[in-house]
Amino acid sequence: MSAVETSAPMDISEPNPTVCDVPEQDAGVFEPPDVRHAPPPLQPPPPPSISPPPPFLNEDKVTVSVEVLLKPSSTAKSDDVQLAVERMLEKRSMSYVDGSISVPLDDTFLVDNVERICICDSDVWVENHDILLFWQVKPAVHVFQLSEEGPCEDISNDGQLASFNEWILPAKEFDGMWESLIYDSGLKQRLLRYAASALLFTEKCVNPFLVSWNR
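These numbers come from a predicted model, not from an experiment.

Next up on the list: the overall build of the protein. When helices and strands are tallied, the protein shows four helices and eight strands. Taken from the N to the C terminus, the helices and strands of the protein come in the order β-α-β-β-α-β-β-β-β-β-α-α. The buried share among the 215 residues of the protein stands at 19%. Sequence separation of 24 or more characterises 67% of the internal contacts of the protein that already satisfy a separation of 6 or more.

A cluster of nonpolar side chains, namely W167, L169, F174, M177, L181, Y183 and L191, defines an oily patch on the protein surface of about 650 Å² accessible area. The exposure class of W167 is partly exposed, given its relative accessible area of 31%.

Here we come to the nonpolar core. V85, L89, Y96 and I117 are the most contacted members of the largest nonpolar core, which totals 21 residues. Looking at this core, the elements with two or more residues in it are β1 (62-70), α1 (78-91), β4 (114-120) and β6 (137-144). Beyond its immediate sequence surroundings of up to four residues, I117 is in contact with V66, E67, V68, V85, M88, G99, S100, I101 and V103.

Inspection of every chain in the model, using the stated rule, returns one aromatic pair. Sitting over the face of the ring of W178, K188 holds its NZ or CZ atom 5.1 Å from the ring centroid.

With that settled, consider α1. Between the first and last C-alpha of α1 there are 20 Å, a value that for 14 residues agrees with the 20 Å anticipated at 1.5 Å per step. The complete set of buried residues in α1 reads V81, A84, V85, M88 and L89. The buried residues of α1 occupy an angular sector of 135° when projected down its axis, which confines them to one face. Residues D79, E90 and K91 are exposed on α1 and point more than 90 degrees away from its buried face.

We now examine unusual backbone geometry. Residue P170 follows L169 across a cis peptide bond; omega there is -5°. Within the secondary structure layout, P170 lies in the loop between β8 (165-166) and α3 (177-180). Despite not being glycine, C205 shows a phi value in the positive range, around 55°. Mapping C205 onto the fold places it in the segment after α4 (187-203). Judged by relative accessible area, C205 falls into the exposed class, the value being 68%.

Procedures and definitions
- Going along each chain's sequence as written, the residues are numbered from 1 onward.
- Given that the model is predicted, a residue must reach a pLDDT of at least 70 before its local features are reported, and side-chain atom pairs must reach 80 or more before they are shown or counted; all residues, however, enter totals for whole chains, interfaces and linings.
- Computation of side-chain values: all heavy atoms of the structure, hydrogens and water removed.
- In this text, helices come from DSSP runs of H or I with a minimum length of four residues, and strands from runs of E with a minimum of two, each type numbered from the N-terminal end.
- For every residue, the accessible area (1.4 Å probe, protein chains only) is compared with the maximum for its type, and the residue is labelled buried under 20%, exposed over 50%, or partly exposed between those bounds.
- The contact definition used throughout considers only heavy atoms, calling two residues in contact when any of these lie within 4.5 Å.
- Each patch is built from residues lacking any salt bridge and having more than 30% relative accessible area; the joining distance is 9 Å for like charges and 5 Å for nonpolar side chains (Val, Leu, Ile, Met, Phe, Trp, Tyr).
- Reported accessibility uses the Shrake-Rupley method at a 1.4 Å probe radius. Residues are deemed covered only where the shown protein chains occlude them.
- Throughout this description, the term salt bridge denotes a Lys or Arg side-chain nitrogen within 4 Å of a carboxyl oxygen of Asp or Glu.
- To define a nonpolar core, start from buried Ala, Val, Leu, Ile, Met, Phe, Trp, Tyr and Cys residues and group those joined through side-chain atoms within 4.5 Å.
- Side-chain rings of Phe, Tyr and Trp (the six-membered ring for Trp) are treated as a pair once their centres are within 6.5 Å; stacked means planes under 30 degrees apart, edge-to-face means over 60, and tilted covers the remaining angles.
- As a reminder, the over-ring test applies to NZ of lysine and CZ of arginine, requiring each to be within 6 Å of the ring centre and within 35 degrees of the ring normal.
- Helix span is expected to be 1.5 Å times the residue number reduced by one.
- Throughout, the arc means the angular range of directions from the helix axis out to the C-beta atoms.

Functional significance is not addressed by these values, which are geometric in nature.
Quick look at the structure:
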């Protein structure tokens, strides 16, 4: 006996899609802000005021001599000491009057090599002996070292006394003598210029018959 199996057809149904009712929103109208009540824009800060440089006595700076005496034990080059002193003077806001300048203790190079620093003959450049300020001055630094050899005698062959003594300048025996001499204002400066001119003529081998001067 055979059995026949029959299967009933299956119905596949799709559910109806759910319809969502979304309420419509009213379209808004954009209104620009009222500029009448807006805060004012920020202004940039004003630039800092720059004060003008102080006026000079003349268009050119005044040249003032600055003498630098080296210690007897110093072996430093004169050019190196000159540059160090010029840098030291540029950093200091000082007035220029005749007298000594203290050597800065924080500069070991100057402390080890320099005995003293002195400003010389600055009063002849300014009327009524006014004080020269640092921005009015162009320092002319002169570095030197005193000779300690003493005088050299000219001993004659016949045993007579020496007719003269000779020193190698600048000599230790004459240190401070120039400052003790008191002359009319400007006379020392003219003497120095005359001596400097005579030395220059000698170095350049100027013919004394063309240019005569007392040596």
